[in-house]
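Below, each chain spelled out in residue letters.
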Amino acid sequence: MEEKEKKRKIPRQPMPEQEPKVRARNFMEVPLGYTSELAMKEAERCLQCKKPSCMEGCPVSVDIPGFIRHIKAGEFTEAIRNLWSKNSLPAVCGRVCPQEIQCEGSCILGKKEAPVAIGNLERFAADHERTHGTGELPPKAAPTGKKVAVVGSGPSGLTVAGDLIVKGHEVTVFEAFHKAGGVLVYGIPEFRLPKEIVAQEIHFLERLGVKVECNAVVGRTITLDEIFEQGYDAIYIGVGAGLPKFLNVPGENLVGILSANEYLTRANLMKAYLFPEVDTPIPHGKNVIVLGGGNVAMDSARTAMRLGADSVRIVYRRSKAELPARAAEVHHAEEEGIQFFFLTNPTRFMGNEKGRLVGMECLKMELGEPDASGRRRPIPIKGSEFKMECDLVVVAVGSGANPLLTSSTPDMTLNKWGYIQADPQNGKTTKKRVWAGGDIVTGAATVILAMGAGRKAADSIHKYLTWGW
Amino acid sequence: MFKIVKREEMSGGTVILNEIEAPLIAKKAKPGQFVILKANETGERIPLTMADTDPEKGTITVIFMVVGKSTALFKTLKVGDGYQDVIGPLGKATHLEKLGTVVCVGGGTGIAVLHPITRGFKLIGNRIISIIGARSKDILILEDRMRAVSDEFYPCTDDGSYGHHGFVTEVLKEVLKKQTVNLVIAIGPVPMMKFVSKITKEFEVPTIVSLNPIMVDGTGMCGGCRVSIGGKNKFACVDGPEFDGHLVDYDELMLRLQAYCEDEKRCHEGFCRLQEAK
Ligand SMILES: Cc1cc2nc3c(=O)[nH]c(=O)nc-3n(C[C@H](O)[C@H](O)[C@H](O)COP(=O)(O)OP(=O)(O)OC[C@H]3O[C@@H](n4cnc5c(N)ncnc54)[C@H](O)[C@@H]3O)c2cc1C
Ligand code: SF4
Ligand code: FES
């Protein structure tokens, strides 16, 4: 008991960050990371619970008290080994997981004070390994002679590739874009997840022997059946959601209205914020409006601010309580001067004679009864129309299932929204020797859920390659 | 790297032909499909519809006009150099069918895209009437190749230096007046496709056009290529690039194509100054 009391005297160690005013205009990472001292001090706060509730909140059951104990003891190599046994991308997850509704949301300390900063500690362990580690590769099983194709190089596909390569199988990743990483490279911005980190993770897999074939649009360049004809024994599909939703209101095709996918791909994958040093342009709005309330909306808004906007407004049709974005992102966005317009929904866009956007008309909303998602449904208030001036709108209202691969694979069952039907236990699809997971099965979700699905499928693929279907 | 094995300059150096090693794409590609090319690490992803493919040799051919920074950069690539990335084949292939008489109308570098489609329609037994146009004779491309796959052939030039003096649409009108035509395919500058469609609508002849909006991924992921077809939004990279010419909102497409004009100009001018300094 005394021991516990003493520990609680240590407050949650804040993460050093770039000043809001400064960072709102640059693309460098916002949180700067814990030093070893800060990390060890924060690790001391953990009670090392016998029945750790934090682990119940983790979709992949990371041994949280275990890795924290190593950090506390200064055993950073052991800490990362422990993390790797459950999570192959801790540097990514430490940065982008919604910890407040997962591990930290379930941490026992959270009942009375701030929970242990599990995400920050995870990130610390991974960063420390990257900058100080030996880069030693994990042991690999003897070659099995089996070949696995992974379609899509997002977190889900990378997890499958990493898991199966160490089990001795040959693995090739097919990626449609010219660069691997999925949403981690084209969606999530540099200031939240430096691309250097993703590149290192992929390089690590390549050192282990994973082959990465970029510019391979499966369904166009090559079909699943043709992959099998090339001698592959199993295929994992992790192609993400990848179909932008629009609002379908008048004026949406005016110049100056982009999907978040397009806006962020230009900014992140094509590095258009460096234009004209790079050749891909990106619209620089003065008065920017972002529609939506998820991580994608926060990322778009903060990108617009960094590209020099005078004002950036997030327009969301529900209220603050329903914002699906990570708490840290909302907080960072507010600090950076981004304004929020809740309970507001666009009804049309106005343009000038050159077809360029000049404004948006909206309706005020109020919350009604809960809908299918359990969130209260927004209902328009009659006669509440008002106009907002803007010259750039980024539409971040969600995504659907991209049909490019699935439409070229008629013998694979989809659900009514076009997502691939896969067994939640093992990722098996209705097409023999084909597994699927991540956003293309669940709809747009999270990095860790995509990785969790990848791990389950990798286990199942390994079983199949060893014992049969 | 995707190596350039053959390079030609056409139209006095304003139009460039590249034959590129891309065996996977060459094996798969069908007339009407396009590829996305990226020259180097900092390059832009540029969609170009293929002008030819050689599955045996494992090569594809693209023909492009030098209009901005990226195509100016492409122009500097020599035989033996290559593109860092070539992605494809993308988009839907032309639906080739034996219909009877097919009129193929091409303008500018659109003729390069039109040629394999024309050949495709010819090979399955259609009678082909080709009408191709350019500003003047010295910049008219692929004349011999188009002539070789046509039963009737009408070149046009705006300045009258060759063939019909005037627009392709004038010849088209005459052709449509004289005979029954089952299908018109028009590929070229947006205004040309717009006016061709206007005429064929009067004559009630089904018309296909190939659109070239600004693209990023080419896989239906970004929506940047959206075009209004009969009042509905379509993504040209996956639903097209070919659409029913009578349903396309050409004015919207023209405005959307201007989206980055200012930026593009700035970037291109910088590049030209750099090239001159070299
Ligand atoms: C802007 C943004 C911010 C986000 N922020 C967070 C966050 O903070 N925290 C969080 O947990 N989650 C976040 N997410 C969600 C998270 O990124 C996704 O849930 C996750 O990346 C899904 O992983 P995946 O492997 O299923 O697919 P993806 O990451 O989408 O990767 C799929 C890959 O497959 C490729 N592909 C697609 N079709 C083909 C094909 N036919 N052939 C070959 N390759 C193909 C794609 O190019 C892509 O590289 C965010 C998403 C976005 C867009
Ligand atoms: S619940 Fe909190 S205090 Fe308990 S083990 Fe997990 S992180 Fe430590
Ligand atoms: S180019 Fe991105 S959807 Fe067509």
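Owing to the predicted nature of the structure, the values given are computational and were not obtained by experimental measurement. (Residues numbered from 1 in each chain as written. Chains lettered and ligands numbered in written order. Predicted model: local features only at pLDDT ≥ 70, side-chain atom pairs only at ≥ 80, totals over all residues. Heavy atoms only, no water.)

1. Some details on the overall build of chain B
The test is simple: Secondary structure counts use DSSP, requiring at least four H or I residues in a row for a helix and at least two E residues in a row for a strand, with both numbered from the N terminus. Radius of gyration means the value over C-alpha atoms here, while the globule rule gives 2.2 Å times the residue count to the 0.38 power. Buried residues are those whose accessible area, probed at 1.4 Å on protein chains only, stays under 20% of the maximum for their type, while exposed residues exceed 50% and partly exposed ones sit between those limits.
When its secondary structure is counted, chain B shows nine helices and 17 strands. Here the C-alpha atoms of chain B give a radius of gyration of 18 Å, agreeing with the 19 Å that 2.2 N^0.38 yields for 278 residues. Its C-alpha atoms put chain B at 55 × 40 × 40 Å along the principal axes. Scored against the burial criterion, the 278 residues of chain B give a buried share of 57%.

2. Details of the overall build of chain A
Formally: A contact between two residues is defined here by any heavy atoms of the two lying within 4.5 Å. Only the protein chains shown count as cover for residues, with accessible areas throughout obtained via the Shrake-Rupley method and a probe of 1.4 Å.
Helix and strand counts for chain A come out as 19 helices and 16 strands. For 469 residues, the compact-globule estimate of 2.2 N^0.38 gives 23 Å, and the C-alpha radius of gyration of chain A, at 23 Å, lies within 12% of that figure. For chain A, the spread of C-alpha atoms along the principal axes amounts to about 65 × 65 × 50 Å. Buried positions account for 58% of the 469 residues belonging to chain A. Sequence separation of at least 24 residues holds for 69% of the intrachain contacts in chain A that already meet a minimum separation of 6. Total accessible area on chain A stands at roughly 19800 Å², and carbon and sulfur atoms take up 53% of it.

3. Considering the interface of chain A and chain B
Applied cut-off: The term buried area refers to how much accessible surface (probe radius 1.4 Å) is lost by two components on association, counted for both of them together. Salt-bridge detection follows one rule: a side-chain nitrogen of Lys or Arg within 4 Å of a carboxyl oxygen of Asp or Glu. Each residue gets one of three labels, nonpolar for Ala, Val, Leu, Ile, Met, Phe, Trp, Tyr, Cys and Pro, charged for Asp, Glu, Lys and Arg, and polar for the others, Gly among them.
Facing 42 residues of chain A, the contacting portion of chain B comprises 45 residues. Summed over both sides, the interface of chain A with chain B buries roughly 3500 Å², with 54% coming from carbon and sulfur. Taken together, the connections running from chain A to chain B amount to three salt bridges. Between Asp279 of chain A and Lys69 of chain B there is a salt bridge; the shortest N-O distance is 2.6 Å. If you list the elements that add at least two residues to the side of chain A that touches chain B, you get strand 5 (242-244), strand 6 (257-259) and helix 14 (260-269) of chain A. Residue contributions to the side of chain A that touches chain B peak at four residues, all from helix 14 of chain A. Residues belonging to the side of chain A that touches chain B are distributed by class as follows: 20 nonpolar, 12 polar and 10 charged.

4. Some remarks on the sheet that holds strand 1 (residues 147-151) of chain A
All names here are of chain A. Threshold: Strand pairing follows a simple DSSP-based rule, namely that at least 2 bridges must link the two strands. As a rule, the C-alpha atoms of each element are fitted with a line to give its axis, helices using only the stretch in contact, and angles between N-to-C directions run from 0 to 180 degrees.
Read from one edge of the open sheet, five strands run 3-2-1-4-16, paired in parallel fashion. Among the strands making up the open sheet, the edge pair consists of strand 3 (211-213) and strand 16 (434-436). The mean angle between the axes of side-by-side strands here comes to 20°, regardless of whether they run parallel or antiparallel.

5. Points about the packing of helix 3 (residues 36-44) of chain A against helix 9 (residues 118-132) of chain A
All names here are of chain A. Basically, it comes down to this: Roughly parallel covers angles under 35 degrees, roughly antiparallel covers those over 145, roughly perpendicular covers 65 to 115, and oblique covers all other angles. Each helix crossing is assigned a hand: it is left-handed if the near helix lies turned anticlockwise from the far helix by less than a right angle, otherwise right-handed if that turn is clockwise.
It is the contact of helix 3 with helix 9, at a shortest axis distance of 10 Å, that shows an interaxial angle of 140°. With respect to helix 9, the axis of helix 3 lies oblique. For helix 3 against helix 9, the interelement crossing comes out left-handed. Counting all contacts with helix 3, which are made through Ser36, Ala39, Glu42 and Ala43, the residues of helix 9 involved are Leu121, Phe124 and His128. Partitioned by chemical class, the residues of the contact of helix 3 with helix 9 number four nonpolar, two polar and one charged.

6. Here's the deal with the site of ligand 2
Cut-off, in case you're wondering: For this description, a residue counts as near a given molecule or strand if any of its non-hydrogen atoms is within 4 Å of it.
Cys46, Leu47, Cys49, Pro52, Ser53, Cys54, Pro65, Cys107, Ile108, Val116 and Ile118 of chain A make up every residue found near ligand 2. Among the residues forming the shell around ligand 2, the class breakdown is 10 nonpolar, one polar and no charged.

7. Examining the site of ligand 1
All names here are of chain A. We apply this condition: For this analysis, a polar contact is any N or O atom pair within 3.5 Å, provided that within protein one partner can donate a hydrogen and the other can accept it, and provided that sequence-adjacent residues contribute only side-chain to side-chain pairs.
Close contacts around ligand 1 come from 35 residues, with Val96, Glu175, Arg192, Val218 and Asp439 the closest. Ser156 is positioned such that a nitrogen or oxygen atom in its backbone is 2.9 Å from an oxygen atom of ligand 1. Within the side chain of Asn295, one N or O atom sits 3.5 Å away from an oxygen atom of ligand 1. About the coverage of ligand 1: the protein hides 93% of its 1000 Å² of free accessible area.

8. Observations concerning the packing of helix 5 (residues 64-72) of chain A against helix 6 (residues 76-84) of chain A
Residue and element names in this part refer to chain A. Between helix 5 and helix 6, the shortest axis-to-axis distance is 7 Å and the interhelical angle comes to 165°. Taken together, the axes of helix 5 and helix 6 lie roughly antiparallel to each other. As helix 5 packs across helix 6, the resulting crossing turns out to be left-handed. Each of Gly66, Phe67, His70 and Ile71 in helix 5 lies in contact with helix 6, whose residues at this interface are Phe76, Glu78, Ala79, Asn82 and Leu83. Split by residue class, the contact of helix 5 with helix 6 holds five nonpolar, three polar and one charged.

9. Observations regarding the packing of aromatic side chains
Going by this rule: Stacked, tilted and edge-to-face pairs are distinguished by plane angle, under 30 degrees for stacked and over 60 for edge-to-face with tilted covering the rest, among Phe, Tyr and Trp rings (Trp via its six-membered ring) whose centres lie within 6.5 Å.
Under the criterion given, the structure shown has 11 aromatic pairs over all chains. Measuring from ring centre to ring centre gives 5.5 Å for Phe340 of chain A and Phe342 of chain A, while their planes differ by 15°; the resulting arrangement is stacked. Between Phe64 of chain B and Phe74 of chain B, the ring centres sit 5.7 Å apart and the planes meet at 80°, which makes this aromatic pair edge-to-face. Of this pair, Phe64 of chain B sits in strand 6 (residues 59-65) while Phe74 of chain B sits in helix 2 (residues 69-76); the two residues are 10 residues apart in sequence, bridging distant segments of the chain. Owing to a relative accessible area of 2%, Phe64 of chain B belongs among the buried residues under this scheme. Within the aromatic cluster, the residues linked to one another by ring pairs are Phe27, Phe191 and Tyr273 of chain A.

10. Let's talk about the pattern of salt bridges
Summed over the entire model, instances satisfying the criterion amount to 40 salt bridges over all chains. Residue Glu336 of chain A is joined to Arg23 of chain A by a salt bridge in which the shortest nitrogen-to-oxygen separation is 2.6 Å. Of this pair, Glu336 of chain A sits in the loop between helix 16 (327-335) and strand 9 (339-341) while Arg23 of chain A sits in helix 2 (residues 20-23), and the two are 313 residues apart along the sequence. On the accessibility criterion, Arg23 of chain A (0% relative accessible area) is buried. With a closest N to O distance of 3.6 Å, Lys38 of chain B and Asp85 of chain B form a salt bridge. On the criterion of sequence distance, the pair formed by Lys38 of chain B in strand 3 (residues 34-38) and Asp85 of chain B in strand 8 (residues 85-90) is long-range, its members being 47 residues apart. Lys38 of chain B sits in the buried class, given a relative accessible area of 2%. It is possible to trace a salt-bridge network through shared partners that takes in Glu17, Arg23, Arg192, Asp299, Arg302, Arg306, Arg326, Glu329, Glu335 and Glu336 of chain A.

11. Observations concerning helix 3 (residues 110-123) of chain B
All names here are of chain B. Convention followed: Here the expected span of a helix is defined as 1.5 Å times the quantity of residues minus one.
End to end, helix 3 covers 20 Å across 14 residues, agreeing with the expected 20 Å (1.5 Å per residue, within 8%). All of the buried residues in helix 3 are Gly110, Ile111, Ala112, Val113, Leu114, His115, Pro116, Ile117, Thr118, Gly120 and Phe121. With its phi angle positive at about 100°, Gly125 sits one or two positions after the end of helix 3.

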